[in-house]
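Summary of structural features
Spelled out from the first residue to the last, the chains are:
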Amino acid sequence: MRNILLMAAGAVVIVLTILVMFFWHQWLVDQTGGSRFAFGLAGRAVEAGALYGGTWLCVRGWNGRTA
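All figures in this text were calculated on a predicted structure; none of them were measured in a lab.

Things to note about the overall build of the protein chain
Looking only at helices and strands, the protein chain has 2 helices and 0 strands in total. Relative to the compact-globule value of 11 Å for 67 residues, the protein chain shows a C-alpha radius of gyration of 15 Å, a clear excess of over 25%. C-alpha extents for the protein chain along the principal axes are approximately 50 × 20 × 10 Å. Within the protein chain, the proportion of its 67 residues that are buried is 15%. Once local pairs closer than 6 in sequence are excluded, the contacts in the protein chain between residues at least 24 apart make up 70%.

What follows is the structure, given as structure tokens:
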């Protein structure tokens, strides 16, 4: 049961990250100059971290390790 919950949580994190970044992308594009660069870097870092975390949860649940 724990493995299914881990995989489900990972899938939810991945889907939510994709949805948020899809709708937030236009706001990032509308920024200009230095703020666009800073927000772009921060946005990509958050996106990468969330996708990595969701993937990690899915893999952890799939492998079934509890240690």
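On we go from here.
Some words on the environment of Leu 19
Along the chain, Leu 19 falls in helix H1 (residues 2-30). Classification of Leu 19 by relative accessible area gives partly exposed; the value is 42%. Leu 19 sits 23 residues away from Ala 42 along the chain, and the two C-alpha atoms are 17 Å apart.

A word on the pattern of salt bridges
For the structure on display, the rule yields 1 salt bridge. Residue Arg 44 pairs with Glu 47 through a salt bridge whose shortest N-O separation is 2.9 Å. Here Arg 44 pairs with Glu 47, and both are found in helix H2 (residues 33-63), just 3 residues apart, close to one helical turn. Here Arg 44 falls in the partly exposed class, since its relative accessible area comes to 41%. Residue Glu 47 is classed as partly exposed on the basis of its relative accessible area of 21%.

What about H2?
Look at H2: 45 Å from first C-alpha to last across 31 residues, which is about the 45 Å you get at 1.5 Å a residue. Gly 43, Gly 54, Leu 57 and Gly 61 are the residues of H2 that are buried. Once H2 ends, the next one or two residues include Gly 64, with phi positive near 75 degrees.

Thresholds applied
Residues numbered from 1 in each chain as written. Predicted model: local features only at pLDDT ≥ 70, side-chain atom pairs only at ≥ 80, totals over all residues. Heavy atoms only, no water. Helix = DSSP H or I, 4+ residues; strand = E, 2+ residues; numbered from the N terminus. Rg over C-alpha atoms; globule rule 2.2 N^0.38 Å. Buried < 20%, exposed > 50% of the residue type's maximum accessible area, 1.4 Å probe, protein only. Contact = heavy atoms within 4.5 Å. Salt bridge = Lys/Arg side-chain N within 4 Å of Asp/Glu carboxyl O. Expected span 1.5 Å × (residues − 1).

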